[in-house]
Number of protein chains: 2
Amino acid sequence: MNLSQTTVSRALNGYPEVSAETRRRVAEMADKLGYAPNSQARRLATGRSMAIGHVIPRSIHEMMNPIFLEFIAGAGETYSRHGYDMMLSVVDDAHEEDAYRQIASRKKADGVIIHGPANDERRHLLLKKLNLPFVVHGRIPGAESETSWIDMNNRRAFERATNLLLDLGHTRIALLNGLEHMDFAHRRRRGFEDALAGRGLSPDPALMRSADMTEPYGCENAVAMLKGDDPPTAFLVSSMISAIGVARGIGQCGLKAGKDVSIITHDDALSFLPNCGEVPIFTCTRSSVRYAGEKAAELLLAMIADPDAKPASLHMDAELIIGQSTGPVPSPQNQARP
Amino acid sequence: MNLSQTTVSRALNGYPEVSAETRRRVAEMADKLGYAPNSQARRLATGRSMAIGHVIPRSIHEMMNPIFLEFIAGAGETYSRHGYDMMLSVVDDAHEEDAYRQIASRKKADGVIIHGPANDERRHLLLKKLNLPFVVHGRIPGAESETSWIDMNNRRAFERATNLLLDLGHTRIALLNGLEHMDFAHRRRRGFEDALAGRGLSPDPALMRSADMTEPYGCENAVAMLKGDDPPTAFLVSSMISAIGVARGIGQCGLKAGKDVSIITHDDALSFLPNCGEVPIFTCTRSSVRYAGEKAAELLLAMIADPDAKPASLHMDAELIIGQSTGPVPSPQNQARP
DNA sequence: AACGAAATCCAAAGCGGTTTGGATGGCCGA
DNA sequence: TCGGCCATCCAAACCGCTTTGGATTTCGTT
């Protein structure tokens, strides 16, 4: 070859100061030799780490679940399409701040994604101080205009779902929500309450729960409520997984979902829990969390490419899809009781 | 301060050639200034990337599911405890090889984990050629002794589970397996068949399925089989998620799981699908995939620390846990039919 | 009191790229 | 024929750390 390091670098990186012929030769050689620039060296020289960080606390919370993975899968595709790496840090809850500080001071990533913002979120303040670009998956209450985020309209989705149940004649509607110190769950609850208020109804605390969205959570609470006096005729559930539990609970009580008791769940469109077919099993509000991951990544990469741009955000509406799990409220005399 | 770069580096990295007093001063200063060595520079200088790669194909396969995430969570903890980063690459199926090549040639990671080995696995050959340390989660048939791996005893687990069902009097046992071109599913099937053979029974192809382990997969096949002639009295299922589907299907047929029809499932101990309590919902073979992740990471880090060490492996046995979903085979006259 | 070993610390040379500021040569118009 | 302008290519500086090989100081010994 007998070419300088400069020329090789320029040829490989597509700079114009190199002839087409030379570029071809370089590419050919690199291919034959299996050469690719050492990424550490390149990162050091350019000052960009070409990586996006995701720090996830170790605790077994809602996030550490398939929804999170699906988001990651979406984001990961976008990253690799743009030549970025994805860096995951699984840390002790107490060291979450440290993790961000390390990413910033050691320049481990060019930006991060904030997962699962809480009602009293503070991570964004730290990240601003650290001057680390970030995008929020969800929204930070009170900081909507000064941060970049992507979120679905949780309030509206649950308002619409509740209205559907009300239209079907249900008035005793139970809400099995996620942890309400998380922003998304908080909004869903507001949507639920707003819809009830719109019909002059007030929510019954006995029919509202907030916890990690496991399967048994759905089952146990469904059974408890259905066996209580004045049981609900419908359930509004925050996750497919819990909804499956609710369905099981309904079955345990000798009732039939979609007939004796209605269910509407939120469906994150998880790959291993398909809820489709001609008539999906569950009536649901659906929003692909994988798509959210893709978009969040795009947003973040754009921010990194143009640091002076204003914060951007994407607000998506969930679809309301009718499935087999909803029906009109049964007339009292037909209403089976355990 | 007025200390040389050399001294600072040594102080921070715990080398002995620096006095305790100086080390203290350096640490203090670093803390006050929020200084931490740039990781790219360090990686370049040391030649070690201090990262472990996980490449996951984009396709929606069994891996891209909560089980994978749980493994990741376990491994991630171990990594961060040892100062390693975790690098995830989500790539197009066709580019999986490229991804490994890049990791090796650009020195993006010091080692990788192979997920979901197939019956005709080849990735390990490439990695050997690339001289990239790796650990297999699962086993590569025919390469057990020359690779490092961690696996549960799939064959034995399903053999024991099948024997339990046989002991309860079941002879019509259905197997809803994962994709059998994957090693783990292949082994589970062998366990199932071995147990049957041990009692002089031969498996009925009409009662065996192999597919992605979704919820509907469980439900649809359970319904189809139960409505067929000569239906099974028990199901052996490869995943909790599908098992939930099976339970739903059984309910749809007007039968009761654990009474009319038995279910044993494999339980990966996923956080959002707890199957415990005094008497777990499902009788299961259980093995924590999160623990597997921790151990795999430890194995790999050890390999990296001592490249000359022989391949090591960890073979774990699953627990067989009795839950509510199994019972003796119902006598023919009591056997409800849809 | 002189000497060698041990304890500390430092200057400078990598690590493997990117980028800056020129050098070189071919081709054009005057 | 010659100066000027591109089009190409190159030498060297730099990115921020680790590590090598020495220099300097301290201290126990004889």
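For clarity, every value in this text was computed on a predicted model and none was experimentally measured.

This paragraph deals with the overall build of chain A. When its secondary structure is counted, chain A shows 11 helices and 12 strands. With the principal axes as the frame, chain A shows a C-alpha extent of 90 × 40 × 30 Å. Per-residue burial over chain A gives 54% buried out of 338 residues. Residue pairs in contact within chain A that sit at least 24 positions apart in sequence constitute 71% of those at least 6 positions apart. For chain A, the computed accessible surface area is about 14,500 Å², with 51% contributed by carbon and sulfur atoms. Each charge class in chain A was averaged separately, 38 positive and 41 negative side chains, and the resulting centres sit 4 Å apart.

Our next topic: the protein's contact with DNA strand C. Lining the immediate environment of DNA strand C, one finds 25 residues, of which Ser9, Arg10 and Tyr15 of chain A together with Thr6 and Arg10 of chain B sit closest. For DNA strand C, the fraction of atoms within 4 Å of the protein that belong to sugar or phosphate moieties is 54%. Separating a phosphate oxygen of DNA strand C from a side-chain N or O atom of Asn13 of chain A is a distance of 2.8 Å. In this structure, Ser4 of chain B approaches DNA strand C through a main-chain N or O atom, which is 2.8 Å from a phosphate oxygen. Elements with a minimum of two residues in the surface near DNA strand C: α1 (5-12) and α3 (39-46) of chain A together with α1 (5-12) and α3 (39-46) of chain B.

Here we take up the pattern of salt bridges. Any two side chains of opposite charge can pair, so long as their charged atoms come close to each other. Here the structure, examined in full by the defined rule, presents 43 salt bridges over all chains. In this structure, the salt-bridge partner of Glu180 of chain A is Arg189 of chain A, at a minimum N-O distance of 2.4 Å. Two residues, Glu121 of chain B and Arg123 of chain B, come together in a salt bridge whose shortest N-O distance is 2.6 Å. The burial state of Glu121 of chain B is the same as that of Arg123 of chain B; both residues are buried. Taken together, the shared-partner salt bridges connect Glu21, Arg24 and Glu28 of chain A into one network.

A few words now on the interface of chain A and chain B. Opposite the 45 residues of chain A that make contact, chain B presents 45 residues. Regarding the contact of chain A and chain B, the summed buried area is about 4,400 Å², with carbon and sulfur atoms giving 63% of it. The three residues of chain A that bury the most area against chain B are Gln40, Arg106 and Phe272 of chain A, which together make up 15% of that side's buried surface. The tally of links between chain A and chain B comes to two salt bridges. A salt bridge links Asp85 of chain B to Lys108 of chain A; the shortest N-O distance between them is 3.1 Å. Applying the counting criterion to the chain A and chain B interface returns 12 residue pairs in polar contact (both at pLDDT 80 or more). Within the residue set of the side of chain A that touches chain B, elements represented by two or more residues are α3, α4 (66-81), β2 (85-91), α9 (215-227) and α10 (240-252) of chain A. The pairing of β2 of chain A with strand β2 (residues 85-91) of chain B spans three bridges and is classified as antiparallel. Looking at the pairing, Met86 of chain A lines up with Leu88 of chain B of β2 of chain B.

You can read the domains of chain A as domain 1 (5-37), domain 2 (51-152 + 289-317) and domain 3 (154-287 + 321-334). Relative placement of domain 1 of chain A and domain 3 of chain A: their C-alpha centres are 59 Å apart.

All right, on to α3 of chain B then. Within α3 of chain B the residues assigned to the buried category are Ser39, Gln40 and Arg43 of chain B. Down the axis of α3 of chain B, the sector holding all buried residues measures 105°, keeping them to one side. Where α3 of chain B is buried, its residues contact α3 of chain A together with β1 (51-57) and β2 of chain B. You can read the cap of α3 of chain B off the contacts: a side-chain oxygen lies 2.7 Å from the backbone nitrogen of Gln40 of chain B, and it is on Asn38 of chain B. Trailing α3 of chain B by a residue or two, Gly47 of chain B shows a phi angle of about 80°, which is positive.

A word on the nonpolar core. Soluble globular proteins tend to bury their nonpolar side chains together. Ranked by internal contacts, the top residues of the largest apolar core, which has 99 residues, are Tyr79 and Phe235 of chain A together with Tyr79 and Phe235 of chain B. Per-element accounting of this core gives the leading share, eight residues, to helix α11 (residues 289-305) of chain A. Setting aside residues no more than four positions away along its own chain, Phe235 of chain A makes contact with Leu165, Ala174, Leu176, Ala222, Met225, Leu226, Val246, Ile250, Val261, Ser262, Ile263 and Ile264 of chain A.

Taken as a whole and assessed by the stated rule, the structure comprises zero aromatic pairs over all chains. Of note, Arg139 of chain B hangs over the ring of Trp149 of chain B, and the distance from its end group to the ring centre comes to 5.1 Å.

Looking now at the relation of the copies chain A and chain B. One copy of the chain maps onto the other through a rotation about an axis followed by a shift along the same axis. Once turned by 180° and shifted 0.0 Å along the axis, chain A lies on chain B with an RMSD of 0.0 Å. Seen this way, the second copy is the image of the first under a two-fold rotation axis. Most of the interface of chain A is mirrored in chain B: 100% of its interface residues are interface residues there too.

Taken together, 26 residues are adjacent to DNA strand D, and Thr6 and Arg10 of chain A together with Ser9, Arg10 and Tyr15 of chain B come closest. The sugar and phosphate moieties of DNA strand D supply 56% of its atoms located within 4 Å of the protein. Separating a phosphate oxygen of DNA strand D from a side-chain N or O atom of Thr7 of chain A is a distance of 2.7 Å. A distance of 3.2 Å separates a phosphate oxygen of DNA strand D from a polar atom in the backbone of Ser19 of chain A. Listed by contribution, the elements that provide at least two residues to the surface near DNA strand D are α1 and α3 of chain A together with α1 and α3 of chain B. When its residues are assigned to classes, the surface near DNA strand D shows 10 nonpolar, 12 polar and four charged.

It is worth spelling out the sheet that holds strand β5 (residues 149-152) of chain A at this point. Strand order in the open sheet formed by 12 strands is β11(A)-β5(A)-β4(A)-β3(A)-β1(A)-β2(A)-β2(B)-β1(B)-β3(B)-β4(B)-β5(B)-β11(B), and the pairing between neighbours is mixed. One side of each edge strand has no neighbouring strand; the edge strands of this open sheet are β11 (313-316) of chain A together with β11 (313-316) of chain B. Put simply, the sheet's adjacent strands are angled 20° from each other on average, direction ignored. When strand β5 (residues 149-152) of chain B meets β11 of chain B, the two strands line up parallel, connected through four bridges. Within β11 of chain B, the residue paired with Met152 of chain B across the bridge is Met316 of chain B. Lying on the sheet, helix α11 (residues 289-305) of chain B is in contact with β1, β3 (111-115), β4 (134-137), β5 and β11 of chain B; it crosses β4 of chain B at an angle near 160°.

Residue and element names in this part refer to chain B. For the pair α1 and helix α2 (residues 20-33), the least separation of the axes is 9 Å and the interaxial angle reads 90°. Between α1 and α2, the angle falls in the class roughly perpendicular. On the side of α1, the interface is formed by Thr7, Val8, Arg10, Ala11 and Leu12, while α2 contributes Thr22, Arg23 and Val26. For the contact of α1 with α2, a count of residues per class yields four nonpolar, two polar and two charged.

Moving on to a nonpolar patch on the surface. Together, Leu12, Leu33 and Tyr35 of chain A make up an exposed nonpolar region whose accessible area comes to about 310 Å². With respect to the helices, strands and loops of the structure, Tyr35 of chain A is situated in the loop between α2 (20-33) and α3.

Rules behind the numbers
- Residues numbered from 1 in each chain as written.
- Chains lettered and ligands numbered in written order.
- Predicted model: local features only at pLDDT ≥ 70, side-chain atom pairs only at ≥ 80, totals over all residues.
- Heavy atoms only, no water.
- Helix = DSSP H or I, 4+ residues; strand = E, 2+ residues; numbered from the N terminus.
- Buried < 20%, exposed > 50% of the residue type's maximum accessible area, 1.4 Å probe, protein only.
- Contact = heavy atoms within 4.5 Å.
- Areas by Shrake-Rupley, 256 points an atom, 1.4 Å probe, with all protein chains shown as cover.
- Lys, Arg positive; Asp, Glu negative; His and termini not counted.
- Charge placed at Lys NZ, Arg CZ, Asp CG, Glu CD.
- Near = heavy atom within 4 Å.
- Polar contact = N/O pair within 3.5 Å; in protein donor to acceptor, adjacent residues only side chain to side chain.
- Salt bridge = Lys/Arg side-chain N within 4 Å of Asp/Glu carboxyl O.
- Buried area = accessible area lost by both parts, 1.4 Å probe.
- Pairing = 2+ DSSP bridges.
- Domains from an automatic or database assignment.
- Arc of directions from axis to C-beta.
- Core = buried A, V, L, I, M, F, W, Y, C linked by side-chain atoms within 4.5 Å.
- Phe/Tyr/Trp six-rings, centres within 6.5 Å; stacked < 30°, edge-to-face > 60°.
- Lys NZ or Arg CZ within 6 Å of the ring centre and 35° of its normal.
- Least-squares fit on C-alpha atoms with pLDDT ≥ 70 in both.
- Nonpolar A, V, L, I, M, F, W, Y, C, P; charged D, E, K, R; others polar.
- Axes fitted to C-alpha atoms, helices over the stretch in contact; angles between N-to-C directions.
- Parallel < 35°, antiparallel > 145°, perpendicular 65-115°, else oblique.
- Patch = residues over 30% accessible without salt bridge, like charges linked within 9 Å, V, L, I, M, F, W, Y side chains within 5 Å.

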